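Close look at the chain arrangement
Single-letter residue listing:
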Amino acid sequence: MMTMATQTNTYHKYINLPFTIAPLPNFSQQGNKVLHYYINDYPFYPMEEWFNDLGLTLFLKEVFYTPPFSKIPIHTDHASYTNHAKINMTWGPEEGVTQWWKSDKVVKKSIQGTGEYTSEAHHNLWAEEKDCELLYEANTNRPSLVNVGVLHGTNNPTSEGRWTLCFVPTKSGKFIHWDSALEIFRDYLDD
């Protein structure tokens, strides 16, 4: 893990889940295209029950794939900065990381997926790496609380594919702000 010495980590924390998450059967496959798709019909009962015990709802389940020697573009998960959290679990090389960025040159755009990135319409902020400053990066091969309401992306500099499961919690129908997530999950976070 790398962090800028002057930056506070408001991006990533390892989280000790009270259960194990297994990779999906297709996670052994390798391809050469970035993928993103929803798996809301796929059951993850331990995560759903744990969220319920914490007063949360499992709103969304997603899969991301970063091919060998590839990156997922720098983006936010919404069309504005929301500073909200989700839980990610990745299977892939130790050198593969999620990265958080800052930029004064963001573009708000909607894209309709073509299957190369996503099959759904997305309304996000986007930035080009050349216009960004890297703030933080972490390997998420352990369950991780991640801030997806700020600019972030992935980097996979290896010949091995990188698969990620994402779980988006909500409380009372709203996404969970990073600071609230730190409080809700405090008993499960690694220092």
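Along each chain, numbering runs from 1 in the same order as the chain's sequence is written. With the structure being a predicted model, the display of local features is reserved for residues of pLDDT at least 70 and the display and counting of side-chain atom pairs for 80 or more, all residues being used for whole-chain, interface and lining totals. As a convention, hydrogens and water are excluded, and side-chain values are obtained from all of the structure's heavy atoms.

Structural notes on the side chain of H12
The secondary structure listing takes helices from DSSP runs of H or I that are at least 4 residues long and strands from runs of E that are at least 2 residues long, numbered from the N terminus. By secondary structure assignment, the location of H12 is in strand β2 (residues 12-14). Residue H12 is classed as buried on the basis of its relative accessible area of 2%. In terms of polar contacts, H12 uses its side chain to reach the side chain of S144, at 3.0 Å. Each residue's exposure class comes from its accessible area (1.4 Å probe, protein chains only) as a fraction of the maximum for that residue type: buried when under 20%, exposed when over 50%, partly exposed otherwise. Polar contacts, as counted here, are pairs of nitrogen or oxygen atoms within 3.5 Å of one another; within protein the pair requires one atom able to donate a hydrogen and one able to accept it, and residues that are adjacent in sequence qualify only if both atoms are side-chain atoms.

Looking at unusual backbone geometry
One non-glycine residue, N83, lies in the positive phi region at around 55 degrees. Turning to its location among the elements, N83 is positioned in the loop between β5 (70-75) and β6 (85-91). Among the residues examined, N83 registers a relative accessible area of 23% and is labelled partly exposed. The residue S172 is not glycine, and still its phi comes out positive at about 55 degrees. Examined against the element boundaries, S172 turns out to sit in the loop between β13 (162-171) and β14 (174-175).

Notes on the packing of aromatic side chains
In this scheme Phe, Tyr and Trp rings, the latter by its six-membered ring, pair at centre separations within 6.5 Å, and the angle between planes marks the pair as stacked below 30 degrees, edge-to-face above 60, and tilted otherwise. Per the stated rule, a full pass over the model turns up 14 aromatic pairs. Taking the centre distance of 5.2 Å and the plane angle of 45 degrees together, the rings of Y42 and F44 count as tilted. Between W50 and Y188, the ring centres sit 5.0 Å apart and the planes meet at 85 degrees, which makes this aromatic pair edge-to-face. With W50 in helix α1 (residues 45-53) and Y188 in the segment after α2 (178-184), this pair connects stretches of sequence that are 138 residues apart. A cation over an aromatic ring shows up here: R142 above the ring of Y14, its NZ or CZ 4.2 Å from the ring centre. Two conditions define a charge located above a ring, namely a distance within 6 Å from the ring centre to NZ of Lys or CZ of Arg, and an angle within 35 degrees of the ring normal.

As for the side chain of T98
On the secondary structure map, T98 appears in strand β7 (residues 97-103). What makes T98 buried here is its relative accessible area of 6%. Looking at T98, its side chain comes within polar contact range of the side chain of R162, at 3.5 Å. By definition, residues are in contact when any of their heavy atoms lie within 4.5 Å. When residues no more than four places from it in sequence are discounted, the contact partners of T98 are Y136, E137, A138, T140, G153, T154 and R162.

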